Amino acid sequence: MVDASLYATFLVAAFVLCITPGPDMMFVVAMGGRGGPTAGVMAASGVAIGALVHAVAAMLGLSALFTTLPTLYHVLRWVGAAYLLYLAVKAFRDRSALGTDDAQGVTANLGPGRQRAFWQGAITNLLNPKVILFNVAFLPQFVNPGLGHVEWQLLTLGLTLVLVGLAVDATIGLFSGRLSSMLRRSRRMARGLNVFSGTVFTGLAVRLVAVPK
């Protein structure tokens, strides 16, 4: 269904792309920092689901709407930025994730739960129109029209990119979450992690509206 040589080149390009720090990776790091390893992995899974929807949209040609209707692109961009700012405010105001000393030692009540981390990852990715435009520009470069079934080639490439991204982001989320779990034994470090997460979310929101497509 796909050109073997093009697919091999695509795998290399996809891996390099996924290990390069970007908005999705920074989001997963921030979520792992707030909620621990499980939240980091679930956030990565949510991001992957959003990326899968974008890949299917690219296959169906729905992404072309954003080139013909620029207003739709800008609306989605601002909605995505507003959602990220909402997450930033929650992180800055969060006190539930602070470590608390008790008679038996140190405990930590971590912030976002599994389902919340998953859905926040999915929504953040879905509301980023730049991901849609990226798929339109990137995936067709590795399609061989001579083999036919262009839509299925696009879907195969999109699924591959999603799986590679999930493997990388889940690993990053796991390690950042484990590190944060150790650091949260200190109340000061716990508060610092919340501030870090809020700063990351704010930076991603600014990047979404300030950096042109």
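Residues numbered from 1 in each chain as written. Predicted model: local features only at pLDDT ≥ 70, side-chain atom pairs only at ≥ 80, totals over all residues. Heavy atoms only, no water.

### Notes on the nonpolar core
Quick note on the threshold: Joining through side-chain atoms within 4.5 Å is the link that ties buried Ala, Val, Leu, Ile, Met, Phe, Trp, Tyr and Cys residues into a set, and such a set is a nonpolar core. A 1.4 Å probe rolled over the protein chains alone gives each residue an accessible area, and that area as a share of the maximum for its type sets the label: buried under 20%, exposed over 50%, partly exposed in between. For helices the rule is a DSSP run of H or I covering at least 4 residues; for strands it is a run of E covering at least 2, with both sets numbered from the N terminus onward.
Counting residues in each nonpolar core, the largest one holds 24 residues, and the members touching the most others are Phe27, Met31, Leu84, Leu87, Phe201 and Leu204. Among the secondary structure elements, those contributing two or more residues to this core are α2 (23–35), α3 (37–60), α5 (70–93) and α9 (187–210). One finds Phe142, Val143, Leu154 and Leu161 within the second-largest nonpolar core, a separate group that totals 14 residues.

### Overview of the layout of surface pockets
If you roll a probe as big as a water molecule over the atoms, it shows you where there is empty space left. Stated precisely, the cut-off is as follows: The distinction between a cavity and a pocket rests on a 1 Å grid over the protein atoms alone: a 1.4 Å probe fits inside a cavity but cannot get out, while a pocket stays open yet meets protein on both sides within 12 Å along at least five of seven lines, and a residue with an atom within 4 Å of a point counts as lining. Grid points are joined across faces, edges and corners, and a volume is the space filled by probe spheres set on the points. Residue polarity follows a fixed list, in which Ala, Val, Leu, Ile, Met, Phe, Trp, Tyr, Cys and Pro are nonpolar, Asp, Glu, Lys and Arg are charged, and the others, Gly among them, are polar.
By volume, the largest pocket is sized at about 690 Å³. Lining the largest pocket are 28 residues, with Leu17, Pro23, Asp24, Val131 and Phe134 sitting closest to its centre. Those elements that place two or more of their residues in the lining of the largest pocket are α1 (4–19), α2, α3, α7 (129–138) and α8 (150–183). For the lining of the largest pocket, the element with the most residues is α8, which contributes six residues. A class-by-class count of the residues in the lining of the largest pocket yields 16 nonpolar, seven polar and five charged.

### Some points on the packing of aromatic side chains
Heads up, the condition is: Aromatic pairing here means that ring centres of Phe, Tyr or Trp (its six-membered ring) are within 6.5 Å. Orientation follows from the plane angle: under 30 degrees is stacked, over 60 is edge-to-face, and everything else is tilted.
The full count for this structure, using the stated rule, is eight aromatic pairs. Considering the side-chain rings of phenylalanine 10 and phenylalanine 142, the 5.1 Å spacing of their centres and the 65° angle between planes classify their relative orientation as edge-to-face. Placement of phenylalanine 10 in helix α1 and of phenylalanine 142 in the loop between α7 and α8 is noted, with a sequence separation of 132 residues between them. By relative accessible area, which is 10% here, phenylalanine 142 ends up buried. A ring pair is formed by tyrosine 83 and tyrosine 86, whose centres lie 6.1 Å apart and whose planes are at 35°; its orientation type is tilted.

### Here's the deal with empty space enclosed by the protein
Tallied over the full model, the rule gives one cavity of 30 Å³ or more. What the largest cavity holds in volume is close to 120 Å³. Lining of the largest cavity is provided by Pro23, Asp24, Phe27, Leu84, Thr124, Asn125, Asn128, Lys130, Leu204, Arg207 and Leu208. Breaking the lining of the largest cavity down by element, the ones donating at least two residues are α2, α6 (114–126) and α9. Grouping the constituent residues of the lining of the largest cavity by class yields five nonpolar, three polar and three charged.

### A few points about the side chain of serine 197
The following threshold applies: Contacts described as polar in this section are N or O atom pairs within 3.5 Å, which, within protein, must combine one atom able to donate a hydrogen with one able to accept it, while residues neighboring in sequence count only if both atoms come from side chains. Any two residues having at least one pair of non-hydrogen atoms within 4.5 Å are treated as being in contact.
Considering the arrangement of structural elements, one finds serine 197 in helix α9. Of note is the side chain of serine 197, whose polar atom sits 2.9 Å from the backbone oxygen of alanine 30. Beyond its immediate sequence surroundings of up to four residues, serine 197 is in contact with Ala30, Gly33, Arg34 and Ala91.

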